Amino acid sequence: MAILRIQVLFHWDSKEARDLAAQLYRTFSARPTGEGPRVPVRYGSRQADDGPPPTIELGAAHEIIVVLADERMARRARQKDREIADRWGRLAEDLLRDHGPGSGSPHRVLPVALDAGALGLSTALDNISFIRLDVRKGAERDRHLNLHIAARALRVLQSLPRAPGQELDALPEIPLRLFISHAKKDLPKDPAAISEGPVKAILAVLAQLPVTGWFDSAEIPPGGRFPEEIESGVLNSSALVAVLTDTWSSREWCRREVLEAKLAARPLIVVDALEARVVRLFPYLGNALTLRWRAAIATTSAFDDKAWDRQRSLWEAEDAALVIEAALMEALRYQHDHLRLLARAGEHEVAMSAPPESLTLAHLPTGTTRVWYPDPPLGREELDRLQLATAQQRIDFTTPLSELALWQRPAGIQTVGVSLSNAPDSDRYGGSPEHLATFADDLVLYLLISGLRVAYGGVLGHDGLQNGTVQGDSINYVERLLAMVRSHSMLLSEVAGKPPIPIENWVAWPIHCRFGDNEIRQYGQEAVLRDLDAPPELNVTPEELDPLENGFFAPDTLARRYAWARSLTFMRESMQKETSARVVMGGKLEHYQGIWPGVLEEGVISVRTRQPLYILGLFGGAGRLLVDALRGFEREELTSAWLARKMPNTIDLLAEYQRRGHPAVQTPEELAAELKRAGAAGLSAALNNGLSEEENSELVVSDDPQRIVTLILTGLSRKLAR
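*Asks:* Would you take a moment to explain empty space enclosed by the protein for this structure?
*Replies:* Which parts of space are left empty comes out when a probe the size of a water molecule is rolled across the atoms. Under the criterion given, the structure shown has 3 cavities of 30 Å³ or more. By volume, the second largest cavity amounts to about 60 Å³. Around the second largest cavity, the lining residues are Leu-589, Tyr-592, Trp-596, Pro-597, Leu-600, Leu-625, Glu-637, Leu-638, Trp-642 and Leu-643.

Below, the structure is given as structure tokens:
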């Protein structure tokens, strides 16, 4: 079970709400090798009538449910709109009743007003306050919502009670005590100059927020000892902000403050306000999130005195707000990462929220055998030095990614096929194209780190159709996956101890015939091209195909479409014979060139040949269609009526198969019946993948790529390690 998850509910016809939901996804659900709290973010599932989801799945220990209400959600101009708005209103009422103040629920609900129309969502909510984004603009608007969400998330992770009753738009008390480490020389002589310099600017923003402010020498009581008081101040803080100026590194107490923060495992945020130079930069400022202070590096010659004062004041206010937001997000990341890693740690193992360094390793408990820390893993040159520093006490340094690299690949497993393309219905399952694309990147990265080769049947240039694009396929996954391997090649080499295994890109005839130097050049060192010949016994004359000089022809006649469909099936069958298993996710349901959607056909081939198959159904598409069919659920996409309505040319293609003497091709109903029979004994038996029924059910709905790969590797080990 996930520790924390954010669910965002909104009307899918509202572009503003969709854009804000995507921004929350990028802010809170960062990639495993990037910054951010790394909290899963899901959307409310889209309904055919644009109404609210019938149920809200609460699958995490703590859920932050954000309702982005606006005029579109509350619209009542037409009878249909009124019915939908009433249902949205009742959902908000139910959520607030079940998880609002006084409920005792471990979850939190945040109703958000994007515009004034949101306030008319329900008369029952007239006495309920909203987070008011409608009265805010720009960066301040987005930051206000981020702070609200992060504050609640941090409170539930720390098992703190709900904040006392107040207007919802007012930020609750944020469980964040900031220790501002600064050189006293950097404070302005005029106390009234509140926005002059980073320290004063940060304090000015703090004064406007429910965040406990700083620690200063003035807070040390008469007779107090500086070392003890500094240590106490850091221990009573939840994050330290070091304002790095030209004089900061020369101040003993500043250096002590950072050392104490590191030993106390407190988040460190460095504000880089250097103006000239530092004779010796304090080395322990590393391993920390660092933000630039723009006013410190600006060239003032471009401004007159008044203009510069205005510009500096603007920059300092903006940068100070960013520092506070960054400190809150870093505190949330620390807490979330620590809890996730702690769940992995065994006896004599320690979970850290920052990469280890010599200073922190020197204070580990005696007998520590392993240190868990967040991704990305440290470079090998750094790890080697850390091993020397702990030579008397052999310690393994491990991240979730490096743990995957320790998997012992059975001799019988070499290549895993990945079936993937856009899913037109991902919104029905709480996802989006962005979810699917980043999820696919992470999945392939993890498989490569585990020592597996990945085979993929997509094509550069979107199959080379319709001037380089295919309707309904906005993402070219071949190019994206190549870019992912290219950008992570150093990481892959460091973690696995050897260069990444190139991806195999299988391309059917005649598509690869059009590839020239530009296409081949894109493969670089990251992939190898597996271009296939025409399938045997095609039974199509050269005159019917009439190819170009390079051998390529477009599927613009019935004979050519037949040749393409046969070739795509031949490529998928050939690929199956040279792969140990297959992973299926997403997949278009229409606008395809084969006899069936590619992801569906590849999955069906695996089922028929008893190849271990792993289905990820979270983001819908052909993958979800396949698992639904195996479970015996009726899907209209597997009916002749749907095919005739959505893909009428396919009916002609089926007839062409018969005319050319090809073995009888199934109707959609026949394929559905076959899959239902195959799944009658359960997913575990049908997929033959080494996982139990419960594990396969988890795989279908999981939104955690690391957990998914763990399940896949577990199944492969059970099934093929012989």
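*Asks:* Would you take a moment to explain the side chain of Asp-337 for this structure?
*Replies:* Relative to the assigned elements, Asp-337 resides in helix 9 (residues 305-342). Apart from the residues lying within four places of it in its own chain, the contact partners of Asp-337 are Arg-38 and Pro-374.

*Asks:* It is not clear to me how the sheet that holds strand 16 (residues 527-531) should be interpreted in this structure. Could you clarify?
*Replies:* Where strands meet in a sheet, backbone hydrogen bonds hold them as pairs that are either parallel or antiparallel. Taken in spatial order, the 6 strands line up as 16-15-14-13-17-18 in an open sheet, and their pairing is parallel. At either margin of the open sheet sits one strand with a lone partner, and together these are strand 16 and strand 18 (613-616). If you compare each strand with its neighbour and ignore which way they point, the axes differ by 25 degrees on average. Two strands pair when backbone bridges link them, and strand 13 (residues 415-421) and strand 17 (residues 581-586) are joined in this way by 6 bridges, in the parallel orientation. Bridge pairing links Ser-421 to Gly-586 in strand 17. In this fold helix 13 (residues 433-449) packs onto strand 13, strand 14 (453-456), strand 15 (503-507), strand 17 and strand 18, with an angle of close to 165 degrees to the strand it touches most, strand 17. Of the strands in this sheet, strand 13, strand 17 and strand 18 touch helix 26 (residues 705-720), which is tilted by about 165 degrees from strand 18.

*Asks:* What am I meant to see in the packing of aromatic side chains here?
*Replies:* Two aromatic rings are characterised by how far apart their centres lie and by the angle between their planes. Evaluation of the coordinates by the stated rule reveals 9 aromatic pairs. Their ring planes at 75 degrees and their centres at 5.4 Å tell us that Phe-10 and Tyr-43 sit as a pair that is edge-to-face. Of the two residues, Phe-10 sits in strand 1 (residues 4-10) while Tyr-43 sits in strand 2 (residues 41-43), which places them 33 residues apart along the sequence. Across this residue pair, the class does not change: Phe-10 and Tyr-43 are buried. Summarising the aromatic geometry, the rings of Tyr-562 and Tyr-657 are spaced 5.0 Å apart at their centres and angled 80 degrees between planes, so their arrangement reads as edge-to-face. One end of the pair, Tyr-562, is in helix 18 (residues 558-577); the other, Tyr-657, is in helix 22 (residues 648-659), and 95 residues separate them in sequence. A residue is classified by how much of its surface remains accessible, and Tyr-562, at 1% relative accessible area, is buried.

*Asks:* Please clarify how helix 7 (residues 252-263) should be interpreted in this entry.
*Replies:* An α-helix turns once every 3.6 residues. As a result, residues three or four positions apart point the same way. The terminal C-alpha atoms of helix 7, which comprises 12 residues, lie 17 Å apart, in line with the 16 Å expected from a rise of 1.5 Å per residue. Looking at helix 7, one finds that the buried residues are Cys-254, Glu-257, Val-258, Ala-261 and Lys-262. Angularly, the buried residues of helix 7 cover 130 degrees about the axis, an arc narrow enough to put them on a single face. In the segment just after helix 7, Ala-265 is the residue with positive phi, at about 55 degrees.

*Asks:* What is the right way to read the nonpolar core from this model?
*Replies:* Inside soluble globular proteins, nonpolar side chains tend to come together where they are buried. Residues Leu-443 and Leu-716 are the most contacted members of the largest nonpolar core, which totals 104 residues. One finds Leu-4, Ile-64, Val-271 and Leu-332 within the second-largest nonpolar core, a separate group that totals 64 residues.

*Asks:* Would you take a moment to explain the packing of helix 5 (residues 198-206) against helix 9 for this structure?
*Replies:* Axes are the key here: two packed helices are described by the angle between their axes and the distance separating the axes. Direction vectors running N to C along helix 5 and helix 9 enclose 65 degrees, while the axes themselves pass 8 Å from each other. With respect to each other, helix 5 and helix 9 are oriented roughly perpendicular. Crossing geometry of helix 5 relative to helix 9 is assigned as right-handed. Contact residues: helix 5 offers Pro-198, Ala-201, Ile-202, Val-205 and Leu-206, while helix 9 offers Glu-316, Ala-317, Ala-320, Ala-321, Val-323 and Ile-324.

*Asks:* What exactly am I supposed to notice about the sheet that holds strand 10 (residues 349-351) here?
*Replies:* With parallel pairing, 3 strands are arranged side by side in an open sheet as 10-11-12. The open sheet has two edge strands with one neighbour each: strand 10 and strand 12 (396-398). Across this sheet, the average inter-strand angle for adjacent strands is 15 degrees, counted without regard to direction. In the sheet, strand 10 pairs with strand 11 (residues 370-372) via 3 bridges, with the strands oriented parallel. By the bridge assignment for strand 11, Val-350 is matched with Val-371.

*Asks:* What's the story with helix 3 (residues 79-99) in this structure? I'm lost.
*Replies:* Here helix 3 contains 21 residues, and its C-alpha end-to-end distance of 30 Å stays within 8% of the 30 Å for a straight helix at 1.5 Å per residue. Among the residues making up helix 3, those that are buried are Asp-81, Ile-84, Ala-85, Trp-88, Gly-89, Leu-91, Ala-92, Leu-95, Leu-96 and His-99. Buried residues in helix 3, looked at end-on, bunch into an arc of 155 degrees, giving them a common side.

*Asks:* Just checking my understanding: could you explain the pairing of strand 8 (residues 268-272) for this structure?
*Replies:* Each regular strand shows side chains that alternate between the opposite faces of the sheet. Counting buried positions over the 5 residues of strand 8 gives 5, a clear majority of the element. Alternating residues of strand 8 divide into Leu-268, Val-270 and Asp-272 and Ile-269 and Val-271, and every residue in both groups is buried. Where strand 7 (residues 239-244) lies against strand 8, 5 bridges are found, and the strand directions are parallel. Bridge pairing in strand 8 links Ala-242 to Val-270. Running through helix 7, the crossover from strand 7 to the neighbouring parallel element strand 8 is right-handed. Bridge count for strand 8 against strand 9 (residues 289-292) is 4 bridges, and the pairing is parallel. Of the residues in strand 9, the one forming a bridge with Ile-269 is Leu-289.

Calculation rules
Residues numbered from 1 in each chain as written. Predicted model: local features only at pLDDT ≥ 70, side-chain atom pairs only at ≥ 80, totals over all residues. Heavy atoms only, no water. 1 Å grid on protein atoms, 1.4 Å probe; cavity = no way out; pocket = protein on both sides within 12 Å on 5 of 7 lines; lining within 4 Å. Points joined across faces, edges and corners; volume = space filled by probe spheres on them. Helix = DSSP H or I, 4+ residues; strand = E, 2+ residues; numbered from the N terminus. Contact = heavy atoms within 4.5 Å. Pairing = 2+ DSSP bridges. Axes fitted to C-alpha atoms, helices over the stretch in contact; angles between N-to-C directions. Phe/Tyr/Trp six-rings, centres within 6.5 Å; stacked < 30°, edge-to-face > 60°. Buried < 20%, exposed > 50% of the residue type's maximum accessible area, 1.4 Å probe, protein only. Expected span 1.5 Å × (residues − 1). Arc of directions from axis to C-beta. Core = buried A, V, L, I, M, F, W, Y, C linked by side-chain atoms within 4.5 Å. Parallel < 35°, antiparallel > 145°, perpendicular 65-115°, else oblique. Left-handed = near helix turned anticlockwise from the far one by under 90°. Right-handed = clockwise from strand over helix to strand, strands pointing away.

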